[in-house]
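# Summary of structural features
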Amino acid sequence: MPAGYIIGGDEGWNQGWTKLVGPGLDVEKIEVAAMALGIAAAAVEDAWGYAEERVQFGRPISSHQSIRHLLAEARTQLLAARLMTYHAAGLLDAGEPAPVETSMAKLFVCDTAKDIVLSMQQVMGAYGYVQDFDMERYVRDVLAMPIIGGSSAIQRNNISNRLKLARE
Ligand SMILES: Cc1cc2nc3c(=O)[nH]c(=O)nc-3n(C[C@H](O)[C@H](O)[C@H](O)COP(=O)(O)OP(=O)(O)OC[C@H]3O[C@@H](n4cnc5c(N)ncnc54)[C@H](O)[C@@H]3O)c2cc1C
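Below is a short write-up of the structure. Computed from a predicted structure; not experimentally measured.

### Things to note about the side chain of D26
Following the sequence through the fold, D26 ends up in helix α1 (residues 16–53). Leaving out residues up to four positions away in the same chain, D26 has contacts with L92, A98, P99 and T102.

If you want it as structure tokens, here you go:
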């Protein structure tokens, strides 16, 4: 292929990772974070509604402090995850390089989404486990989020390396 086809011209030679793959992976990290966020948001909505409807021993389970705390915690985690995602996505939208912020968002949002969904499954008891409810699918789907698009360990590597944490 003629050299004139090199993206970025002569200066783009041997710069594929820096100019193309790296920024592409930054976008992928936010895509996966957004998927995790959506799954977690759906799980909170479903568990919240279920807790208000499900009556055990004459009371909706949403009246129990243990259930209320799980749901309050999940809403709080969800907001933090949303803000992390929007912050990193906003940087990319503005054309700013954001390798650290996108790794932080991928790490935090995917791990937090997993915590949220497993907690919401507990709220629904056995109905969070059977295939008659969407929660079972949310659990299966969210478990992949800290693995795909660069595992959580790889994001920790990215963050510490990019921030030049000394090795010696
Ligand atoms: C549903 C799904 C969809 C996917 N879609 C795509 C896709 O569209 N395109 C694509 O290219 N790939 C895709 N993948 C692959 C995905 O990106 C990889 O599975 C992921 O990057 C992890 O790689 P691996 O499975 O080889 O695990 P490994 O790299 O073998 O990792 C296994 C474990 O070792 C840890 N580990 C590995 N290296 C290090 C290190 N240097 N430091 C610390 N810990 C480390 C990991 O964190 C993990 O815990 C998909 C995977 C799944 C499950």
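That was the structure; now back to the text.
### Considerations on the environment of R54
Position of R54 among the secondary structure elements: in the loop between α1 and β1 (55–56). For the pair R54 and S66, spaced 12 residues apart in the sequence, the C-alpha separation amounts to 15 Å. Not counting residues up to four positions away in its chain, the partners in contact with R54 are R59, P60, I61 and Y127.

### Thoughts on helix α4 (residues 135–144)
Buried residues of α4: M135, E136, Y138, V139 and V142, and no others. Viewed end-on, α4 has its buried residues packed into an arc of 160°, placing them on one side of the element. Looking at the buried residues of α4, the elements they touch are α1 and α3 (99–123).

### Let's talk about the site of the ligand
Looking at the ligand, the residues that line it are I147, I148, G149, S151, A153, I154 and N157. Measuring from an oxygen atom of the ligand, one finds a side-chain N or O atom of S151 at 2.6 Å. One of the side-chain N or O atoms of N157 is found 2.9 Å from a nitrogen atom in the ligand. Residues belonging to the shell around the ligand are distributed by class as follows: four nonpolar, three polar and no charged.

Rules and cut-offs
- Residues numbered from 1 in each chain as written.
- Predicted model: local features only at pLDDT ≥ 70, side-chain atom pairs only at ≥ 80, totals over all residues.
- Heavy atoms only, no water.
- Helix = DSSP H or I, 4+ residues; strand = E, 2+ residues; numbered from the N terminus.
- Contact = heavy atoms within 4.5 Å.
- Buried < 20%, exposed > 50% of the residue type's maximum accessible area, 1.4 Å probe, protein only.
- Arc of directions from axis to C-beta.
- Near = heavy atom within 4 Å.
- Polar contact = N/O pair within 3.5 Å; in protein donor to acceptor, adjacent residues only side chain to side chain.
- Nonpolar A, V, L, I, M, F, W, Y, C, P; charged D, E, K, R; others polar.

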